[in-house]
Amino acid sequence: LAKTTQPISMDSYEGQEVNITCSHNNIATNDYITWYQQFPSQGPRFIIQGYKTKVTNEVASLFIPADRKSSTLSLPRVSLSDTAVYYCLVGALGFNQGGKLIFGQGTELSVKP
Amino acid sequence: NAGVTQTPKFQVLKTGQSMTLQCAQDMNHEYMSWYRQDPGMGLRLIHYSVGAGITDQGEVPNGYNVSRSTTEDFPLRLLSAAPSQTSVYFCASSRSRTTEYYGYTFGSGTRLTVV
């Protein structure tokens, strides 16, 4: 399983765009990149997944450069309710990592008024 | 459609006691997993299953047993509780393959304290 490195914490203000970068230098050809969000006292929630280039949904965008050694989760115009821990996952065996989903330390995002 | 249901929500055990944390999903998901999360830490995978009758160890399996006799249920057994097992336990499930990916669905957690 590819190891991921992300910042431990980030601060932002309401209305700003937040970009969280994840490094995964050893990503394999069939690995997907997945991001989850976790609020206090809740289980994680799937945000977005991608393989290459750019993926966008109603919640976030995921930018993946051509070499796929890093990825950036972009949250547009954050609000206080986006305060959470964000996990970057990279796994073998495709989009569902063969059932073995491994979480790293995550990035604790704090959004201030 | 209830999603992933975990019971109980809270539990206090004495050292050496055994118990089973229940997890059930009604989405016909093939994949199910158990995680533990200690205060201020990330999630660590205990055991996972890719289908009925198939289970495998995760990152921290010692002290825990699982079985998967049906697609819906994936109970986690603590054999002899220790204070180091005080944690929040999350169960999760997912489809094995799909044209659109929605990720794992997590339960609301079981908060376990071992005294």
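The paragraphs below set out a description of the structure included in this document. (Residues numbered from 1 in each chain as written. Chains lettered and ligands numbered in written order. Predicted model: local features only at pLDDT ≥ 70, side-chain atom pairs only at ≥ 80, totals over all residues. Heavy atoms only, no water.)

**Description of the overall build of chain A**
Helices and strands together make up the secondary structure of chain A, namely 0 helices and 9 strands. Counting helices and strands in the order they occur from the N terminus, chain A gives β-β-β-β-β-β-β-β-β. For 113 residues, the compact-globule formula gives about 13 Å, and the C-alpha radius of gyration of chain A, at 13 Å, lands near that figure. In chain A, once contacts between residues fewer than 6 apart in sequence are set aside, the share between residues at least 24 apart is 58%. Here chain A contributes 9 positively and 8 negatively charged side chains, and the mean placements of these two sets differ by 9 Å. (Helix = DSSP H or I, 4+ residues; strand = E, 2+ residues; numbered from the N terminus. Rg over C-alpha atoms; globule rule 2.2 N^0.38 Å. Contact = heavy atoms within 4.5 Å. Lys, Arg positive; Asp, Glu negative; His and termini not counted. Charge placed at Lys NZ, Arg CZ, Asp CG, Glu CD.)

**As for the sheet that holds strand 3 (residues 32–38) of chain A**
Residues and elements named next belong to chain A. Spatial strand order, 1-9-8-3-4: 5 strands in an open sheet with mixed pairing. The two strands at the open ends of the sheet, each matched to only one other strand, are strand 1 (9–13) and strand 4 (45–50). Ignoring strand direction, the axes of neighbouring strands in this sheet form an average angle of 25 degrees. (Pairing = 2+ DSSP bridges. Axes fitted to C-alpha atoms, helices over the stretch in contact; angles between N-to-C directions.)

**Description of the pairing of strand 2 (residues 18–23) of chain A**
Residue and element names in this part refer to chain A. Taking every second residue as pointing to the same face, the buried face of strand 2 carries V18, I20 and C22, while none of N19, T21 and S23 on the other face is buried. As judged from the 6 bridges shared by strand 2 and strand 7 (residues 70–75), these two strands associate in the antiparallel manner. Across the sheet, the residue bridging to C22 is S71, located in strand 7. (Buried < 20%, exposed > 50% of the residue type's maximum accessible area, 1.4 Å probe, protein only.)

**Some remarks on the pattern of salt bridges**
Residue and element names in this part refer to chain B. On inspection of all chains with the given rule, the structure shows 3 salt bridges over all chains. Between D38 and R44 there is a salt bridge; the shortest N-O distance is 2.6 Å. Taking the relative accessible area as the measure of exposure, D38 reaches 17% and is therefore buried. Put simply, R36, D38 and R44 are held in one network by salt bridges that share partners. (Salt bridge = Lys/Arg side-chain N within 4 Å of Asp/Glu carboxyl O.)

**A few points about the environment of A52(B)**
All names here are of chain B. As for its position among the elements, A52 is in the loop between strand 5 (43–51) and strand 6 (54–57). Judged by its relative accessible area of 44%, A52 is partly exposed. Residues A52 and T70, 18 residues apart in the sequence, show an inter-C-alpha distance of 5.3 Å. Excluding anything up to four places from it in sequence, A52 contacts R68, S69, T70 and T71.

**Examining the interface of chain B and chain A**
On the side of chain A, 18 residues touch chain B, which itself brings 26 residues to the contact. For the pair chain B and chain A, the summed buried surface comes to about 1,700 Å²; carbon and sulfur atoms form 57% of the total. Applying the counting rule to chain B against chain A returns 0 salt bridges. Those elements giving two or more residues to the side of chain B that touches chain A turn out to be strand 4 (31–37), strand 5 and strand 9 (87–94) of chain B. Taken together, the residues of the side of chain B that touches chain A break down into 12 nonpolar, 10 polar and 4 charged. (Buried area = accessible area lost by both parts, 1.4 Å probe. Nonpolar A, V, L, I, M, F, W, Y, C, P; charged D, E, K, R; others polar.)

**Some remarks on the nonpolar core**
Formed by 20 residues in total, the largest nonpolar core has its most connected members in I33(A), W35(A), I47(A), L73(A), L75(A) and Y86(A). Elements represented by at least two residues in this core include exactly strand 2, strand 3, strand 4, strand 6 (61–64), strand 7, strand 8 (84–91) and strand 9 (107–112) of chain A. Take this core: its biggest share by element is 4 residues, from strand 8 of chain A. Residue contacts for Y86(A): discarding those within four places in its chain leaves Q6(A), I20(A), W35(A), Y36(A), Q37(A), I47(A), L73(A), L75(A), G106(A), T107(A) and L109(A). Judged by nonpolar contacts, the second largest core, of 19 residues, contains V4(B), C23(B), I46(B) and L112(B). (Core = buried A, V, L, I, M, F, W, Y, C linked by side-chain atoms within 4.5 Å.)

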